[in-house]
Every structure is written in structure tokens, then in C-alpha cells.
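# Structure at a glance
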Amino acid sequence: MIVEKRHLDSFTLLNVEGVIKLGESAQFFAQTLERALKDDSGHVIIDFSKINYIDSTGIGELVGYLGRFRDFKRELILVNPSERIRKLLQVARLAELFPTYDSVPAALAGER
């Protein structure tokens, strides 16, 4: 898994690429979210357009960090999750917890 971090206005953008599954990739994803929580301020946008696969471990990390970010009045915002990821979130009744947009510009405009 590859993560590119950028700062856009008062947002942190995480462009993630590859797979997020049990093992090193999920651990790396969690470490990335932890760093964004501790080192950055504002909402975090996660661009899923280049994620090929995410398993329940990756979804679990997202949900766990959602609560931690909200404790600091911050959001985890999902951008362009695949149809499979959207369905996973819907089946687990988690889709309504995450602000979700089709593009980074839409997320920036919608969360101001």
C-alpha cells in the first residue's frame, strides 16, 4: 500500500493506493491515520480511487479512527470509494457515518 499525504487549505488529503487487508497494509493504514490525527489538524479526506481491495480489518480501522477523530471534532471523509467498498459500508450499516463524495473538489466544497 502507498499513501501520499498533502495539505489542502485546512484539510489533510490522504491518497491511498493498493489494498488494505489484515496484516502489514492494515497496520500501515492505521499508522497513517494515527499520524494524521496527532500531527495534523482539520478534517482528513481519504481518496479511495486507487484502492483495489479492503477487507473487514481495513473497515474496522476506519470505524475505530472515525470515533477518535470525532472526539476532536474532526471528520474522516471518504472520496470515490468503489462500489464494493460502498456496499460493504452499507451492509455493515456504516455508510451514513462517513461523509462520502465522488471527488476531492466536491469534498472540499461540501465540508467547508
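Residues numbered from 1 in each chain as written. Predicted model: local features only at pLDDT ≥ 70, side-chain atom pairs only at ≥ 80, totals over all residues. Heavy atoms only, no water.

Our focus in this paragraph is the nonpolar core. In this structure, Phe29, Ile46, Phe48, Leu62 and Leu76 are the most contacted members of the largest nonpolar core, which totals 25 residues. Within the residue set of this core, elements represented by two or more residues are strand 2 (11-20), helix 1 (24-39), strand 3 (44-54), helix 2 (56-71), strand 4 (76-79) and helix 3 (83-91). Take this core: its biggest share by element is 6 residues, from helix 1. When sequence neighbours within four positions are dropped, the list of residues in contact with Phe29 reads Met1, Val16, Ile20, Ile46, Phe48, Gly58, Glu61 and Leu62. Of all hydrophobic cores here, the second largest spans 9 residues; its members include Phe11, Leu13, Tyr101 and Ala107. (Core = buried A, V, L, I, M, F, W, Y, C linked by side-chain atoms within 4.5 Å. Buried < 20%, exposed > 50% of the residue type's maximum accessible area, 1.4 Å probe, protein only. Helix = DSSP H or I, 4+ residues; strand = E, 2+ residues; numbered from the N terminus. Contact = heavy atoms within 4.5 Å.)

Now for the pairing of strand 3. Regular strands show a simple pattern: their side chains alternate between the two faces of the sheet. Taken together, the 8 bridges between strand 2 and strand 3 define a ladder with parallel strand orientation. Each bridged residue has a counterpart across the sheet, and for Gly18 the counterpart in strand 3 is Ile51. Regarding topology, helix 1 serves as the crossover connection from strand 2 to the parallel strand 3, and that connection is right-handed. For strand 3 and strand 4, the ladder comprises 4 bridges, and the chain directions are parallel. (Pairing = 2+ DSSP bridges. Right-handed = clockwise from strand over helix to strand, strands pointing away.)

In sheet architecture, strand pairing relies on hydrogen bonds along the backbone and comes in two forms, parallel and antiparallel. Pairing within the open sheet is mixed, and its 5 strands lie in the order 1-2-3-4-5. In this open sheet, the two strands that pair with only one neighbour each are strand 1 (2-8) and strand 5 (100-101). Note that strand 4 and strand 5 share 2 bridges and pair parallel. For Val79, the partnering residue across the bridge sits in strand 5 and is Tyr101. Along the sheet, helix 1 makes contact with strand 1, strand 2, strand 3 and strand 4, crossing strand 2 at roughly 175°. (Axes fitted to C-alpha atoms, helices over the stretch in contact; angles between N-to-C directions.)

Here we take up the side chain of His43. Along the chain, the position of His43 falls in the loop between helix 1 and strand 3. Classification of His43 by relative accessible area gives buried; the value is 18%. For His43, the side chain forms a polar contact with the main-chain nitrogen of Glu75, separated by 2.9 Å. Those residues in contact with His43, other than ones at most four positions away along the chain, are Ser10, Phe11, Thr12, Lys73, Arg74, Glu75, Ile77 and Glu111. (Polar contact = N/O pair within 3.5 Å; in protein donor to acceptor, adjacent residues only side chain to side chain.)

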